[in-house]
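# Fold and contact review
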Amino acid sequence: MGTDQNDPAGTTGLHALLRSQRVWDPEVTDLPPLDPAAAPADPLPLFTRWFAEAVAAGQPEPHTMSLATADEDGLPDVRIVMLHGADPDGWSFATHAHSRKGGHLAARPYAALAFYWPLLGRQVRVRGPVATAPAEEAQEDLHARSTGALASALTGRQSGVLGSVEELARASEEAWDRARREPDAPAPSWTLYRLRPREVEFFQGDARRRHVRLRYRRAGRDTAPGWVRELLWP
């Protein structure tokens, strides 16, 4: 098909496609209620329950999340990463220290996470300071994962400029061979990060757009016990 000279970028078609999409189609989406009065005092038990319910609902890749960071000039960036764990020490994820996000976190150790589980009309947003876990914990976390994950970590050079796809193929094959031979091979730059939340927001969609937004906010300093719970206008 030729390009419309009055719409060389094809934006008319894009806009038509956008308008045709549905949010929370009742054929596939269930919108369970969220009773703020019954919510636990701490956000972690609610997150754990919501995550289990997303898995039970068949939500694809519920452990993936958006990670937002900022560079040394304060310019934002975002990408999809995998959650490695959530416990009283924080929400954890991993990457190479020399990657773009690793550099951002070295310059500005603060980040935000966002989970989206459309089968249940739910979002969870988390933000707070980020610290690195001990190196031995990062290696233990890496070696508990798949051979492919280790091979990827051993390939290294994440976020560096790549000369060609052939160069990547050679480096990847070497890394896969080593990962199979040495399942405990170290990847020294692999770093486990923990975000200790200052705020955690739970968003539950509602068919009549009366969405429930429940925010947990630290009562005081990061180390202070307790959370303030408050509702937000949708």
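Use the structure listed above.
Summary of the structure given here.

Tracing the sequence through the fold places threonine 11 in helix H1 (residues 11-20). For threonine 11, a relative accessible area of 33% corresponds to the partly exposed category. When the C-alpha atoms of threonine 11 and alanine 175 are compared, they prove to be 42 Å apart, with 164 residues separating the residues in sequence.

Summed over all chains, the structure comprises 11 aromatic pairs. Geometrically, the ring pair formed by phenylalanine 47 and tryptophan 117 is tilted, given 6.0 Å between the ring centres and 40° between the ring planes. Here phenylalanine 47 is found in helix H2 (residues 43-56), whereas its partner tryptophan 117 is found in strand E5 (residues 110-117), with 70 residues between them in sequence. Of the two residues examined, phenylalanine 47 and tryptophan 117, each falls in the buried class.

Before going further, it helps to examine the packing of helix H5 (residues 147-155) against helix H6 (residues 165-181). Direction vectors running N to C along H5 and H6 enclose 125°, while the axes themselves pass 8 Å from each other. It follows that H5 is oblique to H6 by the angle criterion. Seen along the crossing, H5 lies across H6 with a hand that is right-handed. Along its contact with H5, which presents Thr147, Gly148, Leu150, Ala151, Leu154 and Thr155, the element H6 presents Leu168, Ala171, Ser172, Ala175, Trp176, Arg178, Ala179 and Arg180. Of the residues belonging to the contact of H5 with H6, the class tally is eight nonpolar, four polar and two charged.

Before going further, it helps to spend a moment on the pattern of salt bridges. Inspection of the entire model under this criterion finds 14 salt bridges. The shortest N-O distance in the salt bridge between aspartate 77 and arginine 79 comes to 3.7 Å. Classification of aspartate 77 by relative accessible area gives partly exposed; the value is 22%. The class for arginine 79 is buried, based on a relative accessible area of 16%. With its nearest N and O atoms 3.6 Å apart, the salt bridge here joins aspartate 177 to arginine 180. Remark: arginine 180 and aspartate 177 occur in helix H6; sequence separation between them is three residues, near one turn of the helix.

Parameters at a glance
Residues numbered from 1 in each chain as written. Predicted model: local features only at pLDDT ≥ 70, side-chain atom pairs only at ≥ 80, totals over all residues. Heavy atoms only, no water. Helix = DSSP H or I, 4+ residues; strand = E, 2+ residues; numbered from the N terminus. Buried < 20%, exposed > 50% of the residue type's maximum accessible area, 1.4 Å probe, protein only. Phe/Tyr/Trp six-rings, centres within 6.5 Å; stacked < 30°, edge-to-face > 60°. Axes fitted to C-alpha atoms, helices over the stretch in contact; angles between N-to-C directions. Parallel < 35°, antiparallel > 145°, perpendicular 65-115°, else oblique. Left-handed = near helix turned anticlockwise from the far one by under 90°. Contact = heavy atoms within 4.5 Å. Nonpolar A, V, L, I, M, F, W, Y, C, P; charged D, E, K, R; others polar. Salt bridge = Lys/Arg side-chain N within 4 Å of Asp/Glu carboxyl O.

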